[in-house]
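Fold and geometry: a report
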Amino acid sequence: MTNAELLQLAVKAKENSYSPYSKFRVGAALLCENGKVYSGSNVENASIGATVCAERVAILKAISSGERNFKKIAISVDSKNWGYPCGICLQVMTEFCGDDFKIVVANRQNEHKELKLKDVLPNAFRKKELDGFIGGL
């Protein structure tokens, strides 16, 4: 699947955004290694901490459906700027995706670029940092 095709699915997912507070709609489409695609949109809440980003919605839908191998994610926003994932989303990607996982960011003009997770979050906190922690993870 091309980046443009995956972005079209992210744009479509953005239509389901629930963003009454920020008015900032985000859509994401996650491509699994097996070709399946899971989409998500941001879901806000009056209690801001309960808000969930589109990227996490897509990833958690895939995880809860039994998927574990991911290729790339496309993110569409209604901004003239690039729609980069937040830190929490990057940490979730680090947990479930490899360093070479691709992140395709786009803006409202559908201009896009592709980055690798390791370039966006070069010093990520990973399971190996828990080595020697109580419980022996």
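On to the nonpolar core. In terms of nonpolar packing, the biggest core is built from 24 residues, with Leu30, Phe70, Ile73, Met93, Phe101 and Ile103 touching the most fellow members. Within the residue set of this core, elements represented by two or more residues are β1 (26-32), α2 (54-64), β3 (70-77), α3 (87-96) and β4 (102-106). Among the elements that take part in this core, α2 stands out by supplying 5 residues, more than any other. Counting 8 residues, the second largest nonpolar core, distinct from the first, contains Ala10, Ala29, Val104 and Ala106.

To continue, consider the sheet that holds β4. With mixed pairing, 5 strands are arranged side by side in an open sheet as β2-β1-β3-β4-β5. Strands with a single pairing partner mark the edges of an open sheet, and in this sheet they are β2 (37-41) and β5 (112-116). Put simply, the sheet's adjacent strands are angled 20° from each other on average, direction ignored. Relative to β5, β4 runs antiparallel, the two being bridged by 5 bridges. By the bridge assignment, Val105 is partnered in β5 with Lys113. On the sheet, α2 packs against β1, β2 and β3 and is oriented at approximately 140° with respect to β2.

Our next topic: helix α1 (residues 3-14). Relative to the 16 Å expected for 12 residues at 1.5 Å per residue, α1 spans 16 Å between its end C-alpha atoms, a close match to the ideal helical length. Restricting attention to buried positions, one finds in α1 the residues Asn3, Leu6, Leu7, Ala10, Ala13 and Lys14. Summarising the axial view, the buried residues of α1 lie within an arc of 110°, below the 170-degree limit, and thus occupy one face. Buried residues along α1 sit in contact with β1, β2, β3, β4 and β5.

Reading the values: rules and limits
- Residues numbered from 1 in each chain as written.
- Predicted model: local features only at pLDDT ≥ 70, side-chain atom pairs only at ≥ 80, totals over all residues.
- Heavy atoms only, no water.
- Core = buried A, V, L, I, M, F, W, Y, C linked by side-chain atoms within 4.5 Å.
- Buried < 20%, exposed > 50% of the residue type's maximum accessible area, 1.4 Å probe, protein only.
- Helix = DSSP H or I, 4+ residues; strand = E, 2+ residues; numbered from the N terminus.
- Pairing = 2+ DSSP bridges.
- Axes fitted to C-alpha atoms, helices over the stretch in contact; angles between N-to-C directions.
- Contact = heavy atoms within 4.5 Å.
- Expected span 1.5 Å × (residues − 1).
- Arc of directions from axis to C-beta.

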